[in-house]
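Letter by letter, the chains look like this.
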Amino acid sequence: MSGPAAASRPPVPRRPRRHDPGRRDRLIDAALTVIAERGVAGTTHREIARVADVPLGSMTYHFTSLDEVLAEAFTRHAESVARVFDERMRAAPDRKAAVEAVIALVSDDLLGAQRDLVLAVELYLAAARNPALRAVTQAWMARSRQALERHFDPTTARELDALIEGLVLHSALSTDPMTPEQIRHAIDRYLR
């Protein structure tokens, strides 16, 4: 439309641009929520954006693919768990205390929160199919072993890390999960 009528119409005010510097982080956190609730198979760009309460276009603005979002989300999860493990092992003054720290890690931290347990199992399953996510699990295992090596030799640390993962998976998937006493017995027996 041109002419006098168009000239007399006031310009449409532009909406102020929303400044949201934490949006990418919220999307990663939302991805973890969606994975925990729906599994990796049920995780979509649309669902992540809905949980984060942002426009769908934010997903493609901040991430090149859903695989990138998954890798970022699982990396965040793995780093938070590894940080707790590292803190427990760092606080242990000797080997005996380190054994107690490992038992507490499995019983209290890894098996204590259902959401974290589901995220760990989802990561294991997704990494079995997706080599990019295997890099996340490899970094997590390396960090766990490094924490264990504060008190155990490298071979023992690697084997103990595998035992920990097995105890977690066994408990997560069993209808009759191991009790904290059984977990203690398994770790004590291995480390004798």
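In the block above lies the structure referred to throughout.
Everything numeric here is computed off the predicted structure, so don't read it as measured data.

Novice: Before we move on, could you go through the overall build of the chain and cite the residues and values that matter?
Specialist: The secondary structure content of the chain amounts to 10 helices and zero strands. Walking the chain from its N terminus toward its C terminus, one meets helices and strands in the order α-α-α-α-α-α-α-α-α-α. Here the chain has a C-alpha radius of gyration of 23 Å; the compact-globule value for 192 residues is 16 Å, and the former is much larger. Here the C-alpha coordinates of the chain stretch approximately 90 × 35 × 25 Å along the principal axes. Relative to its 192 residues, the chain shows a buried fraction of 39%. At a minimum sequence separation of 6, the contacts of the chain that also span at least 24 residues come to 62%.

Novice: Tell me about the environment of Thr156, and name the residues and values.
Specialist: Here Thr156 shows up in helix 9 (residues 154-173). The class of Thr156 is buried, set by a relative accessible area of 16%. Expressed as a C-alpha distance, the spacing of Thr156 and Ala104, which sit 52 residues apart in the sequence, is 18 Å. With near-sequence residues (within four places) excluded, Thr156 lies in contact with Tyr190 and Leu191.

Novice: If you had to explain the nonpolar core to someone new, which residues and values would you point to?
Specialist: Core analysis: the biggest nonpolar cluster contains 53 residues, and Met89, Leu133, Leu148, Ile164 and Ile187 have the highest contact counts within it. Mapped by element, the contributors of at least two residues to this core are helix 2 (23-38), helix 3 (45-52), helix 5 (66-91), helix 6 (95-110), helix 7 (114-129), helix 8 (131-148), helix 9 and helix 10 (180-191). Of all the elements, helix 5 adds the most residues to this core, at 10 residues. If near-sequence neighbours (up to four positions away) are discounted, Met89 is found in contact with Ala98, Ala101, Val102, Ala147, Leu148, Arg150, His151 and Phe152.

Novice: Which residues make up the environment of Leu125, and what are the values?
Specialist: Looking at where Leu125 falls in the secondary structure, it is placed in helix 7. Take Leu125: its relative accessible area is 47%, and that puts it in the partly exposed class. Spatially, the C-alpha atoms of Leu125 and Gly39 are 10.0 Å apart, while their sequence positions differ by 86 residues.

Novice: Mind laying out helix 7, listing which residues take part and the relevant values?
Specialist: Compared with the 22 Å implied by 1.5 Å per residue over 16 residues, the 23 Å span of helix 7 between its first and last C-alpha is a close match. The inward-facing, buried residues of helix 7 contact helix 2, helix 5, helix 6, helix 8 and helix 9.

Novice: How would you summarise the packing of helix 5 against helix 6 if you had to cite specific residues and measurements?
Specialist: Here helix 5 crosses helix 6 at 150°, and the two axes come no closer than 9 Å. Our classification of the angle between helix 5 and helix 6 gives roughly antiparallel. The two elements helix 5 and helix 6 cross, and the hand of that crossing is right-handed. Contacts between helix 5 and helix 6 pair Val81, Val84, Phe85, Arg88 and Met89 from the former with Ala98, Ala101, Val102, Ala104, Leu105, Asp108, Asp109 and Leu110 from the latter.

Novice: Tell me about helix 5, and please be specific about residues and values.
Specialist: Along an α-helix, residues three or four apart share an orientation, since each turn contains 3.6 residues. The terminal C-alpha atoms of helix 5, which comprises 26 residues, lie 38 Å apart, in line with the 38 Å expected from a rise of 1.5 Å per residue. Listing the buried residues of helix 5 in full gives Val69, Leu70, Ala71, Ala73, Phe74, His77, Ala78, Val81, Ala82, Phe85, Asp86 and Met89.

Criteria and thresholds
What you see as residue numbers is a count from 1 along each chain, following the sequence as written. In keeping with the predicted nature of the model, local features appear solely for residues at pLDDT of at least 70, side-chain atom pairs appear and are counted solely at 80 or more, and the whole-chain, interface and lining totals rest on all residues. Heavy atoms throughout the structure, all of them, feed into the side-chain values; hydrogens and water do not. Only DSSP runs of H or I with at least four residues qualify as helices, and only runs of E with at least two residues qualify as strands; both kinds are numbered from the N terminus onward. Only C-alpha atoms enter the radius of gyration, while the globule expectation follows 2.2 Å times N to the 0.38, with N the number of residues. Type-normalised accessible area, obtained with a 1.4 Å probe on protein chains alone, sets the label of each residue: buried when under 20%, exposed when over 50%, and partly exposed for intermediate values. Only heavy atoms enter the contact rule, under which two residues are in contact if any of them lie within 4.5 Å. By convention a nonpolar core is built from buried Ala, Val, Leu, Ile, Met, Phe, Trp, Tyr and Cys residues, the set being connected through side-chain atoms within 4.5 Å. Expected span of a helix: the number of residues minus one, times 1.5 Å. Lines fitted to C-alpha atoms define the axes here, with helix axes fitted over just the stretch in contact, and angles between the N-to-C directions of these axes take values from 0 to 180 degrees. Angular relationships are summarised with four words: roughly parallel below 35 degrees, roughly antiparallel beyond 145, roughly perpendicular across 65 to 115, and oblique for the angles in between. Each helix crossing is assigned a hand: it is left-handed if the near helix lies turned anticlockwise from the far helix by less than a right angle, otherwise right-handed if that turn is clockwise.

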